[in-house]
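Architecture and fold: a report
These are the residues of each chain, in order.
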Amino acid sequence: MSADARLVVVSNRVAVPKARGAAGAQGGLAGALNAALKERSGVWFGWSGEEAEEHTGEISTQTTDGVTTATIDLSKRDVDEYYNGYANSTLWPLFHYRLDLAEYERETAKGYERVNERFAETLHPLLEDDDVLWVHDYHLIPLGERLRSRGVQNRIGFFLHIPWPATRLFVSLPYHERLVRTMLHYDLLGFQTHEWLDSFLHYCRTELGAEIDEETGAITLDGRTTIARAYPIGIDWDHFSKLGEDEAAQRAQQRLLNSTRRRTAMIGVDRLDYSKGLPERLDGISRFFDQHPDRVSDLVFIQIAPPSREDVESYQKIRAELEQKAGQINGARSEVDLVPVRYVNRGYSHAELFGFFRAAKIGLVTPLRDGMNLVAKEYLAAQDPEDPGVLILSRFAGAAAQMEDALLVNPHSPDDLAHAIGKALDMPLEERRRRYESLIGTVRDDNVQDWTENFLRDLDSAGQL
Ligand code: G6P
């Protein structure tokens, strides 16, 4: 790859709708890629997020700050089968260990393949010989192989932002072998953690009989070699950590402090998704109140949860469940001048979230399964080093591998959560500072710029390993 080779990023979503302003709601992907593309005269290709009557193949391009976005519309059928269907009703639940929610339908599987072929067909003519391609996430797993079948010989890397499930689970997917074989057409495969990487390698070894070199991550099958490695994603530290100087952040912090008065604020910020463990989180809070009724008046829990994937039934169900649970806790515990749970279905800007995080003395990040989780890192980045809050983190978030000094919990256990809340509330300043100091290094140093550089450097040398 020559130093000025163009970077072409491909992902399902290019422009994140304005309503999804929450950091967690952007899922890291948008923020991370914008930072990467700003540094190169990159092209970002993907779905416009719009539904068209029919697929026309028309591309809309726009260049801002040296970054060109090229998007296509999808037909309603494509959106139903590819996005709502196979990506979000099959792969997403399965990869998050929710076999009970995973749907296996031939039609949506075909729709997924059709849209990947459509992406390849539209993208191919835009490519130049030197371009380096970086494909993102579970919506586009077969894209590299589709491009190769059209003769594309450029370097192509793929990064999976979500977990890779254990082999035992993954083999429940019909045609699992076909899907993984397409992945071996990439030059480099990136995973968020060693755990997900190991699951993938285990599958390749045991189900495909591939040869694995543990040292380099080289997977060899049928004479082709692909490198697979872990690249834990980080936040845009330079941008995020400076938000404290922003007036909007200061106003948001003050707004929260004024409204909570002397009560301690705990905060959660998540896309409204069943993988985030939101009902379980409310159960943990409820358990804490049951065990410590005297402390109800000391606490307020703020859950920001912008709705997501609203056309998918499992998302409609989780939303209804949360409304009921939040209502139940508040009904049982409120006073005329006190409501213990504030449940908010909207997104906020990064600056506002920074202010809220800083005002909250406890950050609750308790997914049942998560590729990484950048909210955990943003919560820490927003803390006052002199008087930092406490991060309660699920051991099943990818971030837990880097954050042993958070209060790690099993999000399925209300007792474990209740215990951690009590511990966080009573934690002496000295211990809070010690934990913060030990955690902030990885948040600052393993940032999104490093992540991008590491991945692209390895992609550049993947053929020589
Ligand atoms: C996760 C995925 C991303 C996705 C984001 C938001 O973080 O890894 O690929 O963009 O969620 O979900 P949505 O379906 O709204 O794009």
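If you're wondering where the values come from, they're calculated on a predicted model, not measured in any experiment.

1. Some details on unusual backbone geometry
Here Y97, not a glycine, exhibits a phi torsion of approximately 65 degrees, which is positive. Looking at the secondary structure, you find Y97 in the loop between α2 (76–95) and α3 (106–123). Residue Y97 is classed as partly exposed on the basis of its C-beta count, with 17 C-beta atoms lying within 10 Å. With phi around 60 degrees, Y175 is a residue other than glycine that occupies positive phi space. Looking at where Y175 falls in the secondary structure, it is placed in the loop between α5 (167–170) and α6 (176–183).

2. Quick word on the sheet that holds strand β7 (residues 188–191)
One open sheet accounts for 10 strands, arranged β3-β4-β2-β1-β5-β6-β7-β10-β9-β8; its pairing is mixed. Edge strands, defined here as strands with exactly one partner in the open sheet, are β3 (60–64) and β8 (211–213). Averaged over all pairs of adjacent strands, the angle between their axes in this sheet comes to 25 degrees, without regard to strand direction. Relative to strand β4 (residues 67–75), β3 is paired through five bridges, and the arrangement is antiparallel. When the sheet's bridge partners are listed, Q62 is paired in β4 with T69.

3. Re the domain arrangement of the protein chain
Each assigned domain of the protein chain is listed with its residue range as follows: domain 1 (7–234 + 448–464) and domain 2 (237–445). Each of domain 1 and domain 2 has a C-alpha centre, and the two are 30 Å apart. Taken together, the contact pairs 26 residues of domain 1 with 28 residues of domain 2. Here the side of domain 1 that touches domain 2 takes four residues from α2, the largest share from any one element. Classifying every residue of the side of domain 1 that touches domain 2 gives 11 nonpolar, 12 polar and three charged.

Cut-off values and rules
- Numbers given to residues run from 1 along each chain, matching the order in which its sequence is written.
- Since the coordinates come from a predicted model, pLDDT governs what is reported: local features require at least 70, and pairs of side-chain atoms require 80 or more to be given and counted, while whole-chain, interface and lining totals use all residues.
- Secondary structure elements are defined from DSSP: runs of H or I of at least 4 residues count as helices, runs of E of at least 2 residues count as strands, and each element is numbered from the N terminus.
- The exposure scheme places C-beta atoms from the backbone and then counts, for each residue, the other C-beta atoms within 10 Å of its own, assigning buried at 20 or more, exposed at 12 or fewer, and partly exposed in between.
- Only strands joined by at least two bridges in the DSSP assignment are considered to pair.
- Interaxial angle, 0 to 180 degrees, is taken between N-to-C directions of lines fitted to C-alpha atoms, where a helix line uses only the stretch in contact.
- The start and end points of each domain follow an automatic or database-based domain assignment.
- Contact between two residues is assigned whenever their backbone-derived C-beta positions fall within 7 Å.
- Nonpolar residues are Ala, Val, Leu, Ile, Met, Phe, Trp, Tyr, Cys and Pro. Charged residues are Asp, Glu, Lys and Arg, and all others, Gly as well, are polar.

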